[in-house]
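# Descriptive structure summary
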Amino acid sequence: MDDKQNMAELLFPHITKTPADYETEYPERKLADGAKVTRFAPSPTGFLHMGSLFAALIGRRTASDSDGVFYLRIEDTDKKREVKNGVSQLVEGLKAFNIDIDEGMVSETESRGAYGPYIQSKRTPIYQSYVKELVKKGLAYPCFMTEDEISIIREKQEHEKKLPGIYGEYAKYRNISYGEAKRRIEAGEEYVVRLHSPGREENRVSFDDSIKGRIEMPENILDVVLLKKDGTPTYHFAHAVDDHLMRTTDVIRGDEWISSAPIHLQLFEVLGFKAPRYAHIAPLQKEDGETGGKRKLSKRKDPEAAVEYYKKAGYPAEAVIEYLLTIANSNYEEWRLANPEAEQSEFEFSLSKMSKAGALFDLAKLNDVSKNYICRLSAEEVYDLAAEWAKEYNEKLYACLTDDEEYAKAVFSIERGNEKPRKDIAKWEDVENYVAYFYEELWDGKLDFADSPSRDDMIEIIETYKERYNENDSAEDWFPHLREMAVELGYAKAPKVYKKNPEEYKGHVGDVAGVIRAAVTGRRNTPDLYEIMQTLGVDEVMRRLNRAVAYLAGDEK
Ligand code: GLU
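Residues numbered from 1 in each chain as written. Predicted model: local features only at pLDDT ≥ 70, side-chain atom pairs only at ≥ 80, totals over all residues. Heavy atoms only, no water.

The secondary structure content of the chain amounts to 23 helices and 13 strands. In terms of overall dimensions, the chain is more spread out than a globule: its C-alpha atoms have a radius of gyration of 33 Å, far above the 24 Å expected for 557 residues. In terms of principal-axis extent, the alpha carbons of the chain reach across some 110 × 50 × 45 Å. Going through the 557 residues of the chain one by one, you find that 52% of them count as buried. (Helix = DSSP H or I, 4+ residues; strand = E, 2+ residues; numbered from the N terminus. Rg over C-alpha atoms; globule rule 2.2 N^0.38 Å. Buried < 20%, exposed > 50% of the residue type's maximum accessible area, 1.4 Å probe, protein only.)

See below:
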């Protein structure tokens, strides 16, 4: 055995499987031409960023649109950042937004698919097998430098304005002999395994990023760490091995990784792998109120950066996905207008149409999209989804909704299912306020009357209406009857008529309706008053009219 062979055995005596074995174990996938294999590869840190969900959606769509495979791989090589149940949180996070995976982790410990394990901490022998092979070829070596030695080098490089890192003259153990390595290991010294980078300073690498286009950068010359002191891989190395063995065709990830792409391309090369296509997604942007400019949606500053925020507020998953698609591809909105009823999956998603600089994430726009989504749901669907949300997040509302299901559905039916449904609800959190005056338990009972007509005129209107209200009036007859009453009491039959000769009237029919509306609901703006009164029932309408008169006649104005 030569020195390199000896070195490989010295470092990895326990590794008996070779890369060739793994190549056989994880063969090329049998997929149709053009099928893309993508993945979502988060770390289980207990926090799912909206940007990550966005990346997962892009991965899912890219795979689905090409009849490919989308899988979930957990990157838990950084044990410091890990939290308990971190994997389940990610699995549940994807599920909550209906992003299905074809393969990968399905719970804290279980997975499905033939290319596993799908969690990096269970793949150590695989990584080591590939490193062993690199050592044999002289492309990797053990490095015994201490933290102190490394920081002295870093300071020197900073001072001399040189590229920081371990390379060339700084790579002290690049050519370490088998004998020396053996001595140091036997003496109990700790070491990492580094790449013996074949890169040269004067060379450049380039690749075609599916989002950003052609990218050219200096070749990697760093002897980057492949295996850490505990024998586990760095992100760089694990990514290369995993994406190769899991037969990933398209690596879709955050653009903070672009600067590392030369390292990754070099790793694919020394490992003898075909490099995947890369698609680097720019971070979601947000309008910065303070500066008037844009900045990254930040985990630290913006509560809406956390996916959990949307669950708590009760945005329907479909609406969030719909919104993410509108910011992923700028032509989505136009497509949606032309195809209001179509399934999202019918839209032809394209990586190349994604924003290079970062899509603008805007809650007001999400609210619009979500209102448009919710207004098209049936009362039954709204009831089911709102109750499901309330069960977890609003006990009082849940009790009201479930106490009388038929009544709650009638409330949700108001101005729904017609051509121009109302858009009052953006998220289930809004439901309490929306339905409040239908429930004594939710309503504060406040009555918000306008400034005119006078209180006495209001009382007159309500008293007369108590006599005239006929719950058997049809939707068509209801308003004409109210108009007749208004005219009898000295109000104009229409705002137009009133405006022409205001001195002749006390007001117009709209003012009269406004008084009834405020008396019955407490509010100046509500959905269709006729439907509201039908839903409340005549007894409740009368009770409320009487209460309003008492209020108006009282001193508490
Ligand atoms: N674990 C890496 C991250 O969360 C994954 C990057 C990638 O998708 O390759 O940033």
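What surrounds the ligand is the set Arg 39, Ala 41, Ser 43, Glu 75, Tyr 235, Arg 253 and Trp 257. Contact distances for the ligand include 2.6 Å between an oxygen atom and a side-chain N or O atom of Arg 39. One nitrogen or oxygen atom from the side chain of Trp 257 is found 3.3 Å from an oxygen atom belonging to the ligand. Protein chains shield 80% of the accessible area of the ligand, which is 290 Å² for the free molecule. By residue class, the composition of the shell around the ligand is 3 nonpolar, 1 polar and 3 charged. (Near = heavy atom within 4 Å. Polar contact = N/O pair within 3.5 Å; in protein donor to acceptor, adjacent residues only side chain to side chain. Areas by Shrake-Rupley, 256 points an atom, 1.4 Å probe, with all protein chains shown as cover. Nonpolar A, V, L, I, M, F, W, Y, C, P; charged D, E, K, R; others polar.)

Considering all chains together, one arrives at 45 salt bridges under this definition. Of the charged contacts, one joins Asp 250 and Arg 277 as a salt bridge, the two residues approaching to 2.8 Å between their closest N and O atoms. A residue pair is termed long-range when its members are at least 10 positions apart, and Asp 250 in strand β10 (residues 250-254) and Arg 277 in strand β11 (residues 277-281) qualify at 27 residues. By relative accessible area, Arg 277 is classed as partly exposed at 41%. (Salt bridge = Lys/Arg side-chain N within 4 Å of Asp/Glu carboxyl O.)

Here we come to the packing of aromatic side chains. For the coordinates displayed, the defined rule picks out 26 aromatic pairs. When the ring of Tyr 309 is compared with that of Tyr 310, the centres are 5.0 Å apart and the planes differ by 70°; the resulting orientation is edge-to-face. Each member of the aromatic cluster is reached from another via a ring pair, and the members are Tyr 22, Tyr 26, Tyr 115, Tyr 130, Phe 268 and Phe 273. When the ring centre of Tyr 115 is taken as origin, the NZ or CZ atom of Arg 29, which lies over that ring, is 4.0 Å away. The ring of Phe 47 carries the charged tip of Lys 299 above its face, separated from the ring centre by 4.6 Å. (Phe/Tyr/Trp six-rings, centres within 6.5 Å; stacked < 30°, edge-to-face > 60°. Lys NZ or Arg CZ within 6 Å of the ring centre and 35° of its normal.)

With that settled, consider the sheet that holds strand β3 (residues 103-105). In spatial order, the strands read β1-β2-β3-β4; together these 4 strands make up an open sheet with mixed pairing. Each edge of the sheet is formed by a strand with only one pairing partner; in this case those strands are β1 (37-40) and β4 (111-112). Pairing of β3 with β4, which is carried by 2 bridges, proceeds in the antiparallel orientation. Pairing of Gly 104 across the sheet is with Arg 112, part of β4. Those strands touched by helix α3 (residues 50-65) are β1 and β2 (69-72), and its axis lies near 160° from that of β1. (Pairing = 2+ DSSP bridges. Contact = heavy atoms within 4.5 Å. Axes fitted to C-alpha atoms, helices over the stretch in contact; angles between N-to-C directions.)

When two helices pack together, their arrangement is captured by the angle between the axes and the distance separating the axes. Where helix α19 (residues 475-488) meets helix α21 (residues 509-521), the closest approach of the two axes is 9 Å, and the angle between their N-to-C directions is 110°. Between α19 and α21, the interaxial angle falls into the category roughly perpendicular. Contacts from Phe 479, Leu 482, Arg 483, Met 485 and Ala 486 of α19 reach α21 at Val 509, Val 512, Ala 513 and Ile 516. Considered class by class, the residues forming the contact of α19 with α21 number 8 nonpolar, no polar and 1 charged. (Parallel < 35°, antiparallel > 145°, perpendicular 65-115°, else oblique.)

So, about the pairing of β1. Burial of β1 is two-sided: the residues Val 37 and Arg 39 facing one way and the residues Thr 38 and Phe 40 facing the other way are all buried. Relative to β2, β1 runs parallel, the two sharing 4 bridges. The residue bridging Arg 39 from the neighbouring strand is Tyr 71, located in β2. In this fold, β1 hands off to α3, which returns the chain to β2; that crossover is right-handed. (Right-handed = clockwise from strand over helix to strand, strands pointing away.)

With that settled, the discussion passes to the UniProt feature "binding site: ATP" (unreviewed entry) in the chain. Here, the residues flagged by UniProt with the feature "binding site: ATP" (unreviewed entry) are Lys 299. Mapped onto the fold, Lys 299 is located in the loop between β13 (294-296) and α10 (307-313). (UniProt positions renumbered as here; feature names shortened; annotations may be inferred.)

We now examine helix α9 (residues 261-271). Residues separated by three or four positions in an α-helix point in the same direction, a consequence of the helix having 3.6 residues per turn. With 10 of 11 residues buried, α9 is to be regarded as a mostly interior element. At the C-terminal side of α9, Gly 272 shows a positive phi close to 75°.

Moving on, we get to the layout of surface pockets. There is about 1200 Å³ of room inside the largest pocket. Taken together, 39 residues make up the lining of the largest pocket; nearest its centre are Ser 52, Arg 81, Gly 254, Glu 256 and Trp 257. Ranked by residue count, the leading element in the lining of the largest pocket is α3, at 5 residues. What lines the second largest pocket is a set of 23 residues, among which Glu 318, Arg 336, Glu 343, Gln 344 and Ser 345 lie closest to the centre. Secondary-structure elements contributing two or more residues to the lining of the second largest pocket are α3 and α11 (317-328). For the lining of the second largest pocket, the per-class residue count stands at 9 nonpolar, 4 polar and 10 charged. (1 Å grid on protein atoms, 1.4 Å probe; cavity = no way out; pocket = protein on both sides within 12 Å on 5 of 7 lines; lining within 4 Å. Points joined across faces, edges and corners; volume = space filled by probe spheres on them.)

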